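An overview of the molecular structure
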Amino acid sequence: MKHALVTGGTGGIGRGVAEALLAHGWSVLAAAADEAEVRSCPLAPNLSTAVLDVTDQASVDGLVHSLDRLDGLVNCAGILRKEQEYDLDIFRQVLEVNLVGTMRMCTSCHPLLAKSGGAIVNTGSMYSFFGGPHAPGYTASKGGVAQLTKALAGRWGPDGVRVNAIAPGWIETEMTAAIRTDPEREAGILGRTPLARWGQPREVGNMVAWLLSDEASLANGAIFPIDGGYAAM
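Residues numbered from 1 in each chain as written. Predicted model: local features only at pLDDT ≥ 70, side-chain atom pairs only at ≥ 80, totals over all residues. Heavy atoms only, no water.

1. What about the overall build of the protein chain?
As a reminder of what qualifies: Each helix is a run of H or I in the DSSP string that is no shorter than four residues. Each strand is a run of E no shorter than two, and both are numbered from the N terminus. Buried residues are those whose accessible area, probed at 1.4 Å on protein chains only, stays under 20% of the maximum for their type, while exposed residues exceed 50% and partly exposed ones sit between those limits. Here, residues are in contact when the closest pair of their heavy atoms is within 4.5 Å. None of His or the chain ends enter the tally, which takes Lys and Arg as positive and Asp and Glu as negative. To locate a charge, the coordinates of NZ of Lys, CZ of Arg, CG of Asp or CD of Glu are taken.
When helices and strands are counted, the protein chain shows eight helices and seven strands. With the principal axes as the frame, the protein chain shows a C-alpha extent of 50 × 40 × 35 Å. When the 233 residues of the protein chain are sorted by exposure, 50% land in the buried category. Long-range pairs, those at least 24 residues apart, make up 70% of the contacts in the protein chain between residues at least 6 apart in sequence. Averaging the coordinates of the 18 positive side-chain charges in the protein chain and doing the same for the 24 negative ones gives two points 5 Å apart.

2. Digging into the pattern of salt bridges
Here is the rule: What counts as a salt bridge is simple: a side-chain nitrogen of Lys or Arg found within 4 Å of a carboxyl oxygen of Asp or Glu.
Inspection of the entire model under this criterion finds seven salt bridges. Ionic pairing is found between glutamate 203 and arginine 197, a salt bridge with its closest N-O pair at 2.7 Å.

3. Considerations on the pairing of strand E3 (residues 47-51)
We count it as follows: Strand pairing is defined by DSSP finding a minimum of two bridges between the two strands. With the strands aimed away from the viewer, a crossover counts as right-handed if its path from the first strand over the helix to the second runs clockwise.
Looking at chain direction, strand E2 (residues 27-32) and E3 are connected through five bridges and run parallel. Counterpart to alanine 31 in the pairing with E3 is alanine 50. Where the polypeptide runs from E2 across helix H2 (residues 35-40) and back to E3, its parallel neighbour, the crossover connection is right-handed.

4. Some remarks on the packing of helix H3 (residues 57-64) against helix H4 (residues 88-116)
Put simply, the rule reads: A fitted line through C-alpha atoms serves as each axis, taken over the contacting stretch for helices, and the angle formed by two N-to-C directions is quoted from 0 to 180°. The labels follow the angle: roughly parallel below 35 degrees, roughly antiparallel above 145, roughly perpendicular from 65 to 115, and oblique for the rest. The sense of a crossing depends on the near helix, which, turned anticlockwise from the far helix by less than a right angle, makes the crossing left-handed and, turned clockwise, makes it right-handed.
Taken N-terminus to C-terminus, the directions of H3 and H4 make an angle of 25 degrees; their axes are 10 Å apart at the nearest point. It follows that H3 is roughly parallel to H4 by the angle criterion. Here the hand of the crossing between H3 and H4 comes out right-handed. Across the interface between the two elements, Gln57, Val60, Asp61 and Val64 from H3 touch Arg104, Met105, Ser108, Cys109 and Leu112 from H4.

5. Let's talk about the packing of aromatic side chains
Here a ring pair, both rings aromatic, is described through the centre-centre distance and the interplanar angle of the planes. Put simply, the rule reads: Pairing of aromatic rings covers Phe, Tyr and the six-membered ring of Trp, with a centre-to-centre limit of 6.5 Å; geometry is then stacked below 30 degrees between planes, edge-to-face above 60, and tilted otherwise. In this analysis the charged atom, NZ for Lys or CZ for Arg, is taken to sit over a ring once it is within 6 Å of the ring centre and within 35 degrees of the ring normal.
In the structure shown here, the tally under the stated rule is five aromatic pairs. Taken together, a centroid distance of 6.1 Å and an interplanar angle of 75 degrees make the contact between tryptophan 170 and tyrosine 230 edge-to-face. With tryptophan 170 in the loop between strand E6 (162-168) and helix H6 (177-180) and tyrosine 230 in the segment after strand E7 (223-226), this residue pair connects regions lying 60 residues apart in the sequence. As far as the burial class goes, tryptophan 170 and tyrosine 230 line up, both buried. A connected cluster of aromatic rings, assembled from ring pairs, spans Phe130, Trp170, Trp198 and Tyr230. Positioned over the ring face of tryptophan 198 is arginine 180, at 5.9 Å from the centre of the ring.

6. Thoughts on the packing of H4 against helix H5 (residues 136-156)
Where we set the bar: Under the scheme applied, nonpolar residues are Ala, Val, Leu, Ile, Met, Phe, Trp, Tyr, Cys and Pro; charged residues are Asp, Glu, Lys and Arg; polar residues are all the others, including Gly.
Relative to each other, H4 and H5 sit at 15 degrees, their axes nearing to 8 Å. Classified by the angle their axes make, H4 and H5 are roughly parallel. Crossing geometry of H4 relative to H5 is assigned as right-handed. Residue-level inspection shows Phe91, Val94, Leu95, Asn98, Leu99, Thr102, Met103, Cys106, Thr107 and His110 of H4 in contact with H5, the latter providing Pro136, Gly137, Tyr138, Ala140, Ser141, Lys142, Gly144, Val145, Leu148, Leu152 and Trp156. Grouping the constituent residues of the contact of H4 with H5 by class yields 13 nonpolar, seven polar and one charged.

7. What about the nonpolar core?
Note the threshold: Nonpolar cores are built from buried Ala, Val, Leu, Ile, Met, Phe, Trp, Tyr and Cys residues. Side-chain atoms within 4.5 Å join them into one set.
Counting residues in hydrophobic clusters, the biggest one holds 29 residues, and the most contacted among them are Leu5, Leu73, Met105, Cys109 and Ile120. Setting aside anything within four residues of it in sequence, one finds leucine 5 in contact with Leu29, Ala31, Leu63, Leu67, Leu70, Gly72, Leu73, Val74, Met105 and Cys109. Counting 24 residues, the second-largest nonpolar core is a separate cluster that includes Cys76, Val121, Leu211 and Ala216.

8. Let's talk about the environment of tryptophan 26
Tracing the backbone through its elements, the reader meets tryptophan 26 in the loop between helix H1 (12-23) and E2. Overall, tryptophan 26 belongs to the buried group, its relative accessible area being 6%. Through-space distance from the C-alpha of tryptophan 26 to that of asparagine 46 is 7.4 Å; in sequence the pair is 20 residues apart. What tryptophan 26 contacts, discounting residues up to four positions off in sequence, is Met1, Lys2, His3, Ala4, Leu21, Asn46, Asp71, Gly72 and Leu212.

9. Some points on the layout of surface pockets
Here is the rule: Definitions used for this entry: grid spacing 1 Å over protein atoms alone; cavity, a set of points where a 1.4 Å probe fits but cannot get out; pocket, an open set with protein on both sides within 12 Å along at least 5 of 7 lines; lining residue, one with an atom within 4 Å of a point. Grid points are joined across faces, edges and corners, and a volume is the space filled by probe spheres set on the points.
Considered as a void within the structure, the largest pocket measures approximately 1200 Å³ in volume. Considering the residues around the largest pocket, the lining is formed by 45 residues, among which Gly78, Ile79, Leu80, Thr173 and Met175 are closest to the centre. Looking at the lining of the largest pocket, the elements that each hand over two or more residues are H1, E2 and H5. Top element by residues in the lining of the largest pocket is H1. It accounts for three residues. For the lining of the largest pocket, the class distribution of residues is 21 nonpolar, 15 polar and nine charged.

By themselves, these figures tell us nothing about what the structure is for.
Encoded structure:
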């Protein structure tokens, strides 16, 4: 059985990723910073949970060093503060979680992944491609995740560690709840999406499961939109 670590894995897209990996026969450690969310996360066979702060090196080291084996790392931990991100302190906070936290997890897990011939999937966004004037920190961080993914793929490919990223579109999560209750904003999004519907976290998870599998053995350094065609319009 292969073993995966999913940051942000107790809610939203991360939870969908964890569920998909479990369905594909993986053992999953779902980690998140919110202790209450971790405690309330429904457990299942081959699923364990842990509290993890990706902005704290000691927290990351403590968790990673407790692992005997790791075949897949999925970085789903992320925050969005919208207009507040024009405050430089909040801007830095968003980058520290979304971008620096991703780098911290990748570098900390690299030795285990190199040993197993494992793979990494980072989480970008539509804002890896488009500007988001309402959320400058989030946009900058997700653009950075895309470029970081390419850099690590080039560096670690010779080690047998593949690094790719997903770029989810409009997914039905708590983060998009306000938009989904605003008919005008929802109509604009769905009107531009060829499939004309919201995505589900599990659909994103299925793509991640493929990217971590041997079936994606030649996929490296790529950013995969999962958006119902939104980016194509």
